[in-house]
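Analysis of the macromolecular model
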Amino acid sequence: MPTFNEQNTIELILEKIKQVKLIENVDKEIIIIDDCSSDNTLAYINNFQVKNPDIALKILSHEKNKGKGAAIHTGIFEAHGDFIIIQDADTEYNPKEYNLLLEPMLAGFADVVYGSRFVGGKPHRVLFFFHTIGNKFLTFISNLFTGINITDMETCYKLFKKEVIKPLVLKEKRFGFEPEVTAKISKIKNIRIYEVGISYYGRTYEEGKKIGWKDGVRAIYCILKYNIFKA
């Protein structure tokens, strides 16, 4: 879980994760990477750990702000589990839906599972028209170069087998992680990628949303860079 200045939601999302019981008795390991928050995020994380000593929770901190992608790199490196999923520190995604992603993997069909906000009948908050168009455009361009047909390349919920994600050399420090990792897993021979529909409880910029149009431009650059060139 990459985290930066999420004091308003961090304890709430941790409580949601705590309450999730994974199918087939899969154990949870929570790894939080605080990316040098300037608010009380880290204090709230420590407070949660004190109140929940029985939870397998590892807290890591960057000494300077490096970006979401860099925090994810740290988390992947530190993870010990057989399956690795990315969770934002806000409440836009519902941890109860981990099991939706786990089903095709535990059934032996999938190596990677994306949670798509654009398929299925789950609840979706109605927000920004141009964000939706932008996400679908970036996914289209990504698919054009990867040759796969996912519907939501920019989704947070990406579940990987550890043997798929850990060997990858990932470079993008910010939101470029999404197109980079998609490009690189698509090149793995005989990779089995699945999608499942998930809900999306989006937030406004006033509520703490951070991604902007510059990240969209960077995403296009990353799609071209990691699909056309060896990087």
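A quick note: this is a predicted structure, and the numbers were derived from the prediction, not measured. (Residues numbered from 1 in each chain as written. Predicted model: local features only at pLDDT ≥ 70, side-chain atom pairs only at ≥ 80, totals over all residues. Heavy atoms only, no water.)

**A closer look at the overall build of the protein chain**
Helices and strands together make up the secondary structure of the protein chain, namely eight helices and seven strands. Here the C-alpha radius of gyration of the protein chain, 17 Å, is about what a compact globule of 231 residues would show, namely 17 Å. Within the protein chain, buried positions represent 48% of all 231 residues. Restricting the contact set of the protein chain to residue pairs at least 6 apart, pairs at least 24 apart contribute 79%. Counting every atom, the protein chain has about 11,800 Å² of accessible surface; 56% of that belongs to carbon and sulfur. When the 32 positive and 29 negative side-chain charges of the protein chain are each reduced to one mean point, those points stand 5 Å apart. (Helix = DSSP H or I, 4+ residues; strand = E, 2+ residues; numbered from the N terminus. Rg over C-alpha atoms; globule rule 2.2 N^0.38 Å. Buried < 20%, exposed > 50% of the residue type's maximum accessible area, 1.4 Å probe, protein only. Contact = heavy atoms within 4.5 Å. Areas by Shrake-Rupley, 256 points an atom, 1.4 Å probe, with all protein chains shown as cover. Lys, Arg positive; Asp, Glu negative; His and termini not counted. Charge placed at Lys NZ, Arg CZ, Asp CG, Glu CD.)

**Describing the pairing of strand β3 (residues 57–61)**
Bridge analysis of strand β2 (residues 30–34) against β3 gives five bridges, and the strand direction is parallel. Its bridge partner lying in β3, Asp34 is registered against Ser61. Once you follow β2 into helix α2 (residues 41–51) and on to β3, the crossover reads as right-handed. (Pairing = 2+ DSSP bridges. Right-handed = clockwise from strand over helix to strand, strands pointing away.)

**Observations concerning the side chain of Thr9**
Tracing the backbone through its elements, the reader meets Thr9 in the loop between β1 (2–3) and α1 (10–19). Note on Thr9: relative accessible area 13%, which makes it buried. Aside from chain neighbours lying at most four places away, what touches Thr9 is Ala89, Asp90 and Thr91.

**What to know about the sheet that holds β1**
Spatial strand order, β1-β2-β3: three strands in an open sheet with parallel pairing. A single partner strand is all that each edge strand has here, and the edge strands are β1 and β3. In this sheet, β2 lies alongside β1 in parallel orientation, the contact comprising two bridges. Across the sheet, Thr3 pairs through a bridge with Asp34, a residue of β2. Lying on the sheet, α2 is in contact with β1, β2 and β3; it crosses β3 at an angle near 160 degrees. (Axes fitted to C-alpha atoms, helices over the stretch in contact; angles between N-to-C directions.)

**Structural notes on helix α5 (residues 129–146)**
Between its terminal C-alpha atoms α5 stretches 26 Å, which fits the 26 Å expected from 18 residues at 1.5 Å a residue. The set of residues buried in α5 consists of Asn135, Leu138, Thr139, Ile141, Ser142, Asn143 and Thr146. (Expected span 1.5 Å × (residues − 1).)

**Considering unusual backbone geometry**
Residue Asn25 is not a glycine yet carries a positive backbone phi of 60 degrees. In this model, Asn190 sits at a positive phi of 60 degrees, which is unusual for a non-glycine residue. For Asn190, the position within the fold is in the loop between α7 (177–186) and β7 (193–197).

**Details of the pattern of salt bridges**
For the coordinates displayed, the defined rule picks out 12 salt bridges. A salt bridge links Glu172 to Arg218; its shortest N-O distance comes to 3.0 Å. Here Arg218 lies in helix α8 (residues 213–228) and Glu172 lies in the loop between α6 (162–165) and α7, a separation of 46 residues in the sequence. A relative accessible area of 5% means that Glu172 is categorised as buried. When salt bridges with common partners are traced through the structure, they connect Lys68, Asp88, Lys158 and Glu178 into a single cluster. (Salt bridge = Lys/Arg side-chain N within 4 Å of Asp/Glu carboxyl O.)

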